[in-house]
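Architecture and fold: a report
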Amino acid sequence: MATLSVFLDVPLAKAADVPLDAYRADPSPEKVCLGHAGCQTDLEEVWIPPVVKRILLQIPEDPTLNHEYLPQLGILEFTRAAMELAIGKDSHALLDNRACGVQTNGGTGALWIGAEFLHHWYKPSYCTAPATVLIAAPHLDNLGCIFQVAGFSDIRSYHYWDPIKLTVDTEGFLEELQNAPEGSIVFLHAPEETGLTPKQWEEVAAVMEKKHLFPFFDIAAQGLASGNLDKDAWAVRHFVAKGFELLCAQSFSKMFGLYEERVGNLIVVTKNNQTLIRIQSQLSKQICMTWFSPTSLGARVIAMVLTSPALLYEW
């Protein structure tokens, strides 16, 4: 007699809304894919920088490639170079040894590790209720679920874009930040693409400092938004310079054409080195329980490019 499956109550999940999947399934000869805007060849394939292609051919001959497990926190040369790319080599947080990078499984992995860490350990002394998470309205559905699964229950949307005037609504954004519960976590996705000027970011930082709001940045296209790496990192660097403790997720898929390698980095900036050491120990424990050890190839490529002045210039 056949027995029923113990998984009868599992519902059919809605398929993830991935533009590339819809593009591939569309039979129209006039279809256009905007999923990787600015990162495709004329043949509608992922564009890989020539310097990256060369390094990918060189790495198999590298005598140091032994296919052993990497440390939980990743390749130090990669995490350091990635962190310097975002917050700057001359950042006081780096010079004071109160900032670190953690190699993750893509930018999404950085978001997950960061969200889970915050749920367990973000407990400001001036807040009695569980922390509220604020996410920009366009990203509430696809990114809010990460914070929800991590354990946050109070997840709200905020707006910074006026869909009628087709411009940044700075006043509305600042008002929503001012009305946010004290100590809220503000998820700032793609600051390099939001359209806020440095002066407007200064105003955002001032309100967040006054309200004790915690910034969690997410950078996926540094250098691709304006064509200038430093300009696209201005907002993050300003917050670090103002003394904020923060998290910043980095993704290198678009920047290096390495979508399938899933290379990400989670930057942690704290008040002092002792706090940083404790945080690193907890993140290492999280990663050990999640994917045990990060992958090597993509991070090796990126580290080689970012640590070589000649390759970095070519990239």
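Here goes a summary of the coordinates provided. (Residues numbered from 1 in each chain as written. Predicted model: local features only at pLDDT ≥ 70, side-chain atom pairs only at ≥ 80, totals over all residues. Heavy atoms only, no water.)

**Comments concerning the overall build of the protein chain**
Secondary structure summary: the protein chain contains 14 helices and 9 strands in total. A compact globule built from 315 residues would reach a C-alpha radius of gyration of about 20 Å, and the protein chain, at 21 Å, matches this within 12%. The dimensions of the protein chain, computed from C-alpha atoms along their principal axes, are 65 × 55 × 50 Å. Classification of the 315 residues of the protein chain by burial places 45% in the buried group. Look at the contacts in the protein chain between residues 6 or more apart in sequence, and 73% of them connect residues 24 or more apart. Of the roughly 17500 Å² of accessible surface on the protein chain, 56% is carried by carbon and sulfur atoms. Within the protein chain, the 36 negative side-chain charges are centred at a point lying 6 Å from the centre of the 23 positive side-chain charges. (Helix = DSSP H or I, 4+ residues; strand = E, 2+ residues; numbered from the N terminus. Rg over C-alpha atoms; globule rule 2.2 N^0.38 Å. Buried < 20%, exposed > 50% of the residue type's maximum accessible area, 1.4 Å probe, protein only. Contact = heavy atoms within 4.5 Å. Areas by Shrake-Rupley, 256 points an atom, 1.4 Å probe, with all protein chains shown as cover. Lys, Arg positive; Asp, Glu negative; His and termini not counted. Charge placed at Lys NZ, Arg CZ, Asp CG, Glu CD.)

**Considering a nonpolar patch on the surface**
The grouping of V6, F7 and V10 at the surface amounts to a nonpolar patch, some 370 Å² of accessible area in total. On the basis of relative accessibility, which here comes to 58%, the residue V10 falls in the exposed class. (Patch = residues over 30% accessible without salt bridge, like charges linked within 9 Å, V, L, I, M, F, W, Y side chains within 5 Å. Salt bridge = Lys/Arg side-chain N within 4 Å of Asp/Glu carboxyl O.)

**Quick look at the pattern of salt bridges**
Taken as a whole and assessed by the stated rule, the structure comprises 6 salt bridges. Notably, a salt bridge pairs D154 with R156, separated by 2.9 Å at the nearest N-O pair. The class for R156 is partly exposed, based on a relative accessible area of 37%. Here R237 and D230 are joined by a salt bridge, their closest N and O atoms 3.0 Å apart. What makes R237 partly exposed here is its relative accessible area of 21%.

**Quick notes on the packing of helix α3 (residues 76-87) against helix α10 (residues 234-241)**
Running from N to C, α3 and α10 point in directions that differ by 90 degrees, and their axes come no closer than 7 Å. When the interaxial angle is binned, α3 and α10 end up roughly perpendicular. On α10, the residues touching E84, L85, A86 and I87 of α3 are V236, R237 and V240. Within the contact of α3 with α10, the residues separate by chemical class into 5 nonpolar, no polar and 2 charged. (Axes fitted to C-alpha atoms, helices over the stretch in contact; angles between N-to-C directions. Parallel < 35°, antiparallel > 145°, perpendicular 65-115°, else oblique. Nonpolar A, V, L, I, M, F, W, Y, C, P; charged D, E, K, R; others polar.)

**Thoughts on the packing of α3 against helix α13 (residues 297-307)**
Where α3 contacts α13, the two axes come as close as 9 Å, and the packing angle between them is 55 degrees. By the criterion of interaxial angle, the relationship of α3 to α13 is oblique. The hand of the α3/α13 crossing is left-handed. Contacts between α3 and α13 pair E77, F78, A81, A82 and L85 from the former with A299, I302, A303, L306 and T307 from the latter. Along the lines of polarity and charge, the residues of the contact of α3 with α13 split into 8 nonpolar, 1 polar and 1 charged. (Left-handed = near helix turned anticlockwise from the far one by under 90°.)

**Comments concerning the layout of surface pockets**
In this model, the second largest pocket occupies a volume close to 700 Å³. What lines the second largest pocket is a set of 28 residues, among which Y122, Y126, F214, E245 and K271 lie closest to the centre. At the level of elements, α5 (106-121), α8 (198-210), β7 (214-219), β8 (246-251), β9 (263-269) and α12 (273-290) are the ones that each hand at least two residues to the lining of the second largest pocket. In the lining of the second largest pocket, the residues fall into 16 nonpolar, 6 polar and 6 charged. (1 Å grid on protein atoms, 1.4 Å probe; cavity = no way out; pocket = protein on both sides within 12 Å on 5 of 7 lines; lining within 4 Å. Points joined across faces, edges and corners; volume = space filled by probe spheres on them.)

**Comments concerning α5**
In this model α5 runs 23 Å from its N-terminal to its C-terminal C-alpha over 16 residues, within 8% of the 22 Å that 1.5 Å per residue would give. Where α5 is concerned, the buried positions are G106, G107, G109, A110, L111, I113, G114, A115, E116, F117 and L118. (Expected span 1.5 Å × (residues − 1).)

**Let's talk about empty space enclosed by the protein**
As enumerated under the stated definition, the model contains 1 cavity of 30 Å³ or more in all. Taken together, Y158, Y160, F173, L188, H189, A190, P191, T194, L196 and W201 make up the full set of residues lining the largest cavity. The residue makeup of the lining of the largest cavity, split by class, is 8 nonpolar, 2 polar and no charged.

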